[in-house]
Amino acid sequence: QVQLVESGGGLVQPGGSLRLSCAASGSIFSRNAMGWFRQAPGQLREFVAGISNGGYTKYADSVKGRFTISRDTAKNTVYLQMNSLKPADTAVYYCNSGTFSNRAYFSGISWGHGTQVTVSS
């Protein structure tokens, strides 16, 4: 069973920064692509960023230039550095283990429980 555990969410003012972490089971981390999704109240879950096991990255247009996804294979951890945060970024952020195909990220069945990010003054 794959386990994904997110951390690092919280309350931040507009323009601030947060770094989310997702610790993954060692059996899947080195093979799979990893992704971050988010879901705001009343909205569908949406793709935020993904990173392949070779380091290829892809971002949603809404976060390009502000968010950075990275992975540390030694720690089985994927990160999401979020800068210049906006109120529209408020959501529960979820970690996912998936795949890349033709440079598109496809989510897998393994999800974390999520971490709340609130951007408000």
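Below is a short write-up of the structure. (Residues numbered from 1 in each chain as written. Predicted model: local features only at pLDDT ≥ 70, side-chain atom pairs only at ≥ 80, totals over all residues. Heavy atoms only, no water.)

Looking at the overall build of the protein chain
Helices and strands together make up the secondary structure of the protein chain, namely one helix and 11 strands. Seen in sequence order, the protein chain has helices and strands lined up from the N terminus as β-β-β-α-β-β-β-β-β-β-β-β. Whereas a compact globule of 121 residues would reach a radius of gyration of roughly 14 Å, the protein chain reaches 13 Å, a difference of no more than 12%. Expressed along its principal axes, the backbone C-alpha trace of the protein chain runs to roughly 40 × 30 × 25 Å. Across the 121 residues of the protein chain, 41% fall into the buried class. Partitioning the contacts of the protein chain with sequence separation of at least 6, the portion at a separation of at least 24 is 56%. In the structure as shown, the protein chain presents an accessible area of about 6300 Å², 48% of it carried by carbon and sulfur atoms. Side chains of the protein chain give 11 positive and 5 negative charges; the mean places of these two sets differ by 5 Å. (Helix = DSSP H or I, 4+ residues; strand = E, 2+ residues; numbered from the N terminus. Rg over C-alpha atoms; globule rule 2.2 N^0.38 Å. Buried < 20%, exposed > 50% of the residue type's maximum accessible area, 1.4 Å probe, protein only. Contact = heavy atoms within 4.5 Å. Areas by Shrake-Rupley, 256 points an atom, 1.4 Å probe, with all protein chains shown as cover. Lys, Arg positive; Asp, Glu negative; His and termini not counted. Charge placed at Lys NZ, Arg CZ, Asp CG, Glu CD.)

A few points about the sheet that holds strand E1 (residues 4-7)
Pairing is antiparallel in the open sheet, where four strands are placed in the order E1-E3-E8-E7. Edge strands, defined here as strands with exactly one partner in the open sheet, are E1 and strand E7 (67-72). Strand-to-strand, the axes of this sheet are offset by a mean angle of 15 degrees, without reference to chain direction. Here four bridges tie E1 to strand E3 (residues 18-24), and the two strands are oriented antiparallel to one another. Note that in E3 the partner of Glu-6 across the bridge is Cys-22. (Pairing = 2+ DSSP bridges. Axes fitted to C-alpha atoms, helices over the stretch in contact; angles between N-to-C directions.)

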